[in-house]
Amino acid sequence: MADPIRVRFAPSPTGSLHVGHAHTALFNWLFARHHGGTFILRIEDTDEVRSTEESVSAIYEGLRWLGLDWDEGPDIGGPHAPYIQSERLDVYEEHYRKLLESGRAYYCYCSPEELEERREIMRARGLPPRYDNRCRSLSDAQRAAFEAEGRKPAVRFRMKDHGSTVIRDLIRGDMPYDNSLIGDLIIRKTSGFPTYHFSVVVDDHLMDVTHVIRGEDHISNTVPHLQLMEAFGFEPPRHAHLGLLMGPDRTKLSSRHGATDLAAYRRMGMLPQTMANFLALLGWSTGDDEEILSIGGIVERFDLDRVSKAPSVFDFGKCEFINGQHIRLASLEQLLDIAVPMLAEAGLLEATPSADDRVWVGRVIDLMRDRMRTVGVLTDWGRYFFTDEYEFEERAREKWLRKPETADTLDALAEALEALPDWTVEAIEGAVRNVAEQRGIGGGKAIHPCRAAVTGTTVGPSLFHLLELLPHATVVGRLRLVAEMCRAGAFDEPGPTLGE
RNA sequence: GGGCCCAUAGUCUAGAGGUUAGGACUCCGCUCUUUCAAGGCGGCAGCGCGGGUUCGAUUCCCGCUGGGCCUACCA
């Protein structure tokens, strides 16, 4: 039997959790869960200037929200703790020493400025801007001279000069790479921190990672990683490089393309199951025609053999569509938990509504959910449920509210509805249709002006059902007020709100 | 510049040496309904180009083109 699968998501905490990283995390997690393996979270905070605590929190929060739980990680520990690289410096020291002793690593005294300068010159000459390996064979005297200048050395790994390194990729097959193309790279910065290339290799090995699943932007990095592993005598993990996520202009997805933090999608009312579903479909497919899947359904079907090589464009429209589908499938409780804070934020609801109010909001959601694509639209499309301060859209004004007969129709509706003893859907529908009949007009001629008056718009859920959810007196009051506004010509100008 | 990766409609994708190239989003039309922003039905639209291999390639190979990524004391 094969060794148990162990994968990791290893983000650097230098900002919010990007959807591209969420995508990588998801694929690792799905792979682990499908195969009953272990999913490890490791924080790669070796960029000592850009790493922040807030970013670590954002990563935890983002992953938890998406539903990705980890079996080992900084917060919960595990057999290979710590899982934060800045706390593993002693481990790395030990490993530099091995390389230094075996001659595969050496001290380099070149300053970043000097290196940059030389790269510029090489570029200007049309040469590859790689390091010239000049510190490889420093004499003791030269080293002493640099030290005397007060220079602090970095440690470089001695790459192979000849031959080729073959990357064996589960998704792409074998990819040979010419060794002579890459210069020796820094593995320990002057600051004492490791570079990514070094810590990733050491930790993946020490943490028994069996599969490294990451973005294709890491393909060429794999070459030094492989050489490092070989120098240490580590058995390399299996690699799988995923196609990148791109913006509509087909460049790597970035903030230029709009929202790239996972959190932004949460704020606009995307459900976590939507993001998992949508992200899973970017670069992976089920093989059958089903696309709307639960997380469990994805775990069940997921495997690397159905992952495609090509990069994929993040299509926001499709993401919204999938969200609409999941909104219909979601529990009312979940939708309420998302909607209530949004409504409160918009000033349409108290931050902690009473139990009765919550039930009522739930009824509003149930009425609207079939046509919503994000929960966020509730504060817009559903505004009239929560406040009298809603606008009258141009279509509503033009089609109904400016019509000379509308004022009388609305008054008649107000009167008929006011007289109702029971405020039920059936009673409301009966009254509205009755008014139409008495006035000798079709049902629509009563229904549409009524909707326009009470909601300010021409579209929405069943009129009778939405009226029922509004307080009896509110509906009657709005009808009377709008009738007045019609007579006063208030709808000739754009955008009045009720009573203006 | 160099290296590497990728290539089925605008987008996400399925697919096989011979298929009417399948599904989904978007868009358009029709339809149901009190309205659509929902539902139903239908439609537009695709194998990047050029060579091979083959009886036959969109599928396999090569080249080209296009796009992407990497080329840091960032990860």
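Scope of this entry: the structure provided in the associated data block.

Conventions adopted
- Residues numbered from 1 in each chain as written.
- Chains lettered and ligands numbered in written order.
- Predicted model: local features only at pLDDT ≥ 70, side-chain atom pairs only at ≥ 80, totals over all residues.
- Heavy atoms only, no water.
- Phe/Tyr/Trp six-rings, centres within 6.5 Å; stacked < 30°, edge-to-face > 60°.
- Helix = DSSP H or I, 4+ residues; strand = E, 2+ residues; numbered from the N terminus.
- Buried < 20%, exposed > 50% of the residue type's maximum accessible area, 1.4 Å probe, protein only.
- Polar contact = N/O pair within 3.5 Å; in protein donor to acceptor, adjacent residues only side chain to side chain.
- Contact = heavy atoms within 4.5 Å.
- 1 Å grid on protein atoms, 1.4 Å probe; cavity = no way out; pocket = protein on both sides within 12 Å on 5 of 7 lines; lining within 4 Å.
- Points joined across faces, edges and corners; volume = space filled by probe spheres on them.
- Nonpolar A, V, L, I, M, F, W, Y, C, P; charged D, E, K, R; others polar.
- Core = buried A, V, L, I, M, F, W, Y, C linked by side-chain atoms within 4.5 Å.
- Domains from an automatic or database assignment.

1. Here's the deal with the packing of aromatic side chains
Part 1: Applying the stated rule across the entire model yields 16 aromatic pairs.
Part 2: A ring pair is formed by Y92 and F198, whose centres lie 6.3 Å apart and whose planes are at 75°; its orientation type is edge-to-face. You can see Y92 sitting in helix α3 (residues 89-102) and its partner F198 sitting in helix α6 (residues 196-206), a full 106 residues away along the chain.
Part 3: Y92 sits in the buried class, given a relative accessible area of 1%.
Part 4: Residue class for F198 comes out buried when judged on its relative accessible area of 0%.

2. Some thoughts on the side chain of N323
Part 1: Examined against the element boundaries, N323 turns out to sit in helix α11 (residues 316-329).
Part 2: With relative accessibility at 0%, the residue N323 sits in the buried group.
Part 3: Here L271 takes part through its backbone nitrogen, which lies 2.9 Å from a polar atom of the side chain of N323.
Part 4: Among all residues touching N323, those that are not within four sequence positions of it are G269, M270, L271, T274, R373, T374 and V375.

3. Some thoughts on empty space enclosed by the protein
Part 1: For the coordinates displayed, the defined rule picks out 2 cavities of 30 Å³ or more.
Part 2: The calculated volume of the largest cavity comes to roughly 40 Å³.
Part 3: As for the largest cavity, its lining consists of R8, V200, V201, D204, V212, R214, H225, M229, P237 and H239.
Part 4: No other element matches α6, which puts 3 residues into the lining of the largest cavity.
Part 5: For the lining of the largest cavity, the residue count by class is 5 nonpolar, 2 polar and 3 charged.
Part 6: Within this model, the second largest cavity holds a volume of roughly 30 Å³.
Part 7: If you trace the second largest cavity, you find it lined by H23, F27, L242, G243, L282, G283, V307, S308, A310 and S312.
Part 8: For the lining of the second largest cavity, the per-class residue count stands at 5 nonpolar, 5 polar and no charged.

4. Re the nonpolar core
Part 1: If you look at the biggest cluster of nonpolar residues, it comprises 63 residues, and the most contacted ones within it are F385, L417, L467 and L479.
Part 2: Here this core gathers at least three residues from each of two domains, domain 3 (331-377) and domain 4 (394-487).
Part 3: Each residue touching L417, except ones within four places of it in the same chain, is listed here: W423, I428, A431, V432, H472, V475, V476 and L479.

5. Quick look at the environment of I76
Part 1: For I76, the location among the structural elements is in the loop between α2 (53-66) and α3.
Part 2: On the basis of relative accessibility, which here comes to 48%, the residue I76 falls in the partly exposed class.
Part 3: As a C-alpha pair, I76 and E291 span 215 residues in sequence and 34 Å in three-dimensional space.
Part 4: With residues up to four places along the chain from it excluded, the contact list for I76 reads W70 and D71.

Purely geometric numbers; function is a separate question.
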